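# A structural walkthrough
Spelled out, the chains give:
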Amino acid sequence: MSSVISLREHQVTQKAAIREWVRIYARSSVPGQGARGTLVSATGSGKTITAAASALECFPGGRILVTVPTLDLLAQTAQAWRAVGHRAPMVAVCSLENDPVLNALGVRTTTNAIQLALWAGSGPVVVFATYASLVDREDPEDPTGQQTVRGPLEAALAGGER
């Protein structure tokens, strides 16, 4: 599958470095918690496009998690990933129900851990989440008395809300 967006020279170089990083894990065992990487580059240099193109090349049938700091950036990132050529199902773990951008991209949204697990299912999927969906949050009505509840992404991965 070819990219819809043409990469700039520095992005092609970065993508080659990412490809080599992925090959290192392919030649060795990946840690049980998985592998993750960070692309460091100047503001406006196209990190999102580079990451999306790299993921498409290196993990075409993969299960990919993309975390971002804000809801606005989540929608922009999903747009970029579709523009690069990702056609896998996409799910956003966020409160943006009926968001016109995400709806137009075919990105489902949920904050429910069970719904996320069902939609992510098996096979290729790209899950977008804000940092806030990763961590425990306060729940003063928690029946267990812990007064916290898992973030929806952590809960889905663990198999339940608590």
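Above this note sits the structure.
Read on for an overview of the structure. Everything numeric here is computed off the predicted structure, so don't read it as measured data. (Residues numbered from 1 in each chain as written. Predicted model: local features only at pLDDT ≥ 70, side-chain atom pairs only at ≥ 80, totals over all residues. Heavy atoms only, no water.)

## Points about the pairing of strand β3 (residues 107-110)
Relative to β3, strand β2 (residues 90-93) runs parallel, the two sharing four bridges. Following the sheet pairing, V91 is matched in β3 by R108. In this region the chain leaves β2, passes through helix α4 (residues 100-105) and returns to the parallel neighbour β3; the handedness of that crossover is right-handed. (Pairing = 2+ DSSP bridges. Helix = DSSP H or I, 4+ residues; strand = E, 2+ residues; numbered from the N terminus. Right-handed = clockwise from strand over helix to strand, strands pointing away.)

## A closer look at the pattern of salt bridges
Across all of its chains, the model carries three salt bridges by this definition. Here K15 ties to E57 by a salt bridge, and the two come within 3.0 Å at their closest N and O atoms. Of this pair, K15 sits in helix α1 (residues 9-26) while E57 sits in helix α2 (residues 47-58), and the two are 42 residues apart along the sequence. Among the residues examined, K15 registers a relative accessible area of 17% and is labelled buried. Owing to a relative accessible area of 35%, E57 belongs among the partly exposed residues under this scheme. For R23, the salt bridge goes to E20, with nearest N and O atoms at 3.6 Å. Taken together, the residues span about one helical turn, with R23 and E20 both in helix α1 at a distance of three residues. Looking at R23, the relative accessible area reads 42%, which means it is partly exposed. (Salt bridge = Lys/Arg side-chain N within 4 Å of Asp/Glu carboxyl O. Buried < 20%, exposed > 50% of the residue type's maximum accessible area, 1.4 Å probe, protein only.)

## Considerations on the packing of α1 against α2
Relative orientation of the contacting elements α1 and α2 amounts to 45°, with a least axis distance of 9 Å. Classified by the interaxial angle, the pair formed by α1 and α2 is oblique. Between α1 and α2 lies a crossing of right-handed hand. On α2, the residues touching Q11, Q14, K15, I18, R19 and V22 of α1 are I49, T50, A53, S54, E57 and C58. Looking at the contact of α1 with α2 residue by residue, the classes come out as five nonpolar, four polar and three charged. (Axes fitted to C-alpha atoms, helices over the stretch in contact; angles between N-to-C directions. Parallel < 35°, antiparallel > 145°, perpendicular 65-115°, else oblique. Left-handed = near helix turned anticlockwise from the far one by under 90°. Contact = heavy atoms within 4.5 Å. Nonpolar A, V, L, I, M, F, W, Y, C, P; charged D, E, K, R; others polar.)

## Quick look at the packing of aromatic side chains
Per the counting criterion, the structure on display carries one aromatic pair. Ring geometry for W81 and F128: centres 6.0 Å apart, planes at 90°, overall edge-to-face. Here the residue W81 occupies a position in helix α3 (residues 71-84), and F128 occupies one in strand β4 (residues 125-130), the gap between them amounting to 47 residues. F128 carries the same exposure label as W81, and that label is buried. (Phe/Tyr/Trp six-rings, centres within 6.5 Å; stacked < 30°, edge-to-face > 60°.)

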